[in-house]
Amino acid sequence: MPFLSNCHTHSTYCDGKNPLREMIHAAENLGFVSLGFSGHGMMHFETGYSMSPAAQSAYFHELRSIQQEQGRLRIWAGLELDALAGEEQLKQSIASADYVLGSTHYVLPTPEGEYVAVDGPAQLLKEHMEKHFAGDGLAMAKEYYQVETDFLLHYRPDVIGHFDLIRKNAAIAGLFDENDPAYRKIALDALERAFPCGSILEVNTGGMGRGYLSTPYPTFELLCAWREMGGEVTLSSDCHDFNLLTYAFDETLALIRKAGFDHVMRLGSGEKLWEACVPA
Ligand SMILES: [Zn+2]
Ligand SMILES: [Zn+2]
């Protein structure tokens, strides 16, 4: 059974390149059985990419009307919610979505209230590490995973988005070496702490599709650890461009199998949110 689905998909409502219907058309051409949109949910501070409350309500309005049409594939109206989006924003967003991805894009704000994204410009991240962590990138990684695991355990999202996103700029901003045993222990401890949230762990090829990384989020080591803990996984392209909707899916499915998983969860093709898929 081919995987033929994606639960992490952006559109022009946030920072994606394609309108909803263009993305759906691309998914239909690939023979998808389901497609989930996960627009960046509203936040209490300005990010430049997340939806405003008005945009978010228009997003759901359009998605709900698309869901009424007799389409060839099941469409799900989800959101990608940031750990620091704000309590009220998170509550409202969770209530309006079919499912949510819980993602952590920031470390804690500076005393001046400035938010620094771990996947934003590497130079800003480097300055933040120097100024607020006395140059200790591992201390910053610890804070990142603390923010993430607190959020996951509190909100229990359906999916954990790009668990180790902090790897994206780690080399270029000089934060840490991702092969350093000290870093690996921080990430592994965080994954173990997050496990009771019960969420499905996303194996995300977005950093590969955009040329930042040669491997998915999370690392193979974390994937193997998740398997040993008994966790479930899904596969996604964190798609912002319909040409990359199934980017590196075949090789990543092979990696998931190599980690010991005999099935991958995908968004349902019928009424059930998730179904187990045994990829061919
Ligand atoms: Zn994200
Ligand atoms: Zn995303």
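The model shown is predicted, which means the values in this text are computed figures rather than measured ones. Sequence order as written defines residue numbering, which begins from 1 separately in each chain. Labels are handed out in written order, letters beginning with A for the chains and numbers beginning with 1 for the ligands. Selection of residues for local features in this predicted model requires a pLDDT of at least 70, selection of side-chain atom pairs for listing and counting requires 80 or more, and totals for whole chains, interfaces and linings are taken over all residues.

Draft legend 1. Geometry of the pairing of strand β6 (residues 233–236). The burial label depends on the number of other C-beta atoms within 10 Å of a residue's C-beta. Counts of 20 or more mean buried, 12 or fewer mean exposed, and intermediate counts mean partly exposed, with C-beta atoms placed from the backbone. Helix and strand labels come from DSSP, where a helix needs a run of H or I of at least four residues and a strand needs a run of E of at least two; each type is numbered from the N terminus. With burial as the criterion, each face of β6 is covered, one bearing V233 and L235 and the other bearing T234 and S236. Should DSSP find at least two bridges between two strands, the strands are taken to pair. Note that strand β5 (residues 200–204) and β6 share four bridges and pair parallel. Looking at the pairing, N204 lines up with S236 of β6.

Draft legend 2. Structural detail: the environment of P111. With respect to the element layout, P111 can be found in the loop between β3 (99–103) and α4 (122–132). For P111, a count of 7 C-beta atoms within 10 Å corresponds to the exposed category. Taking the C-alpha atoms as reference, P111 lies 9.6 Å from H132; in sequence the two are 21 residues apart.

Draft legend 3. Molecular detail of helix α2 (residues 53–68). Under the convention used throughout, the expected extent of a helix is 1.5 Å for every residue step, that is, one less than its residue count. The end-to-end C-alpha distance of α2 is 23 Å, a good match for the 22 Å that 16 residues give at a rise of 1.5 Å each. Residues of α2 that are buried include every one of Q56, Y59, F60 and L63, and no others. Looking down the long axis of α2, one finds its buried residues gathered within 95° of arc, a one-sided arrangement. For α2, exposure combined with an orientation more than 90 degrees from the buried face picks out A54, H61, S65 and Q68. We call two residues in contact when their backbone-placed C-beta atoms lie within 7 Å. Packing partners of the buried residues in α2 comprise α1 (20–29), β1 (34–40), β2 (74–82) and α3 (87–96). Taking the helix axis as origin, the arc is that swept by the directions to the C-beta atoms.

Draft legend 4. Geometry of the pairing of β2. Burial analysis of β2 places eight of its nine residues in the buried class, the great majority of the element. As paired strands, β1 and β2 are joined by seven bridges and run parallel to one another. Bridge assignment links S34 to a residue of β2, and that residue is R74. Crossover β1 to β2 through α2 is right-handed. Inspection of the sheet shows β2 paired to β3 by five bridges, in the parallel sense. Bridge assignment links L79 to a residue of β3, and that residue is V100. With its strands directed away from the observer, a crossover is right-handed exactly when the path from the first strand over the helix to the second travels clockwise.

Draft legend 5. The arrangement of α4 in detail. Among the residues of α4, those classed as buried are L125, H128 and M129. Buried residues of α4 fall within an arc of 100° about the axis and therefore sit on the same side. More than 90 degrees from the buried face of α4, the exposed residues found are Q123 and K131. On its buried face, α4 sits against α5 (137–155).

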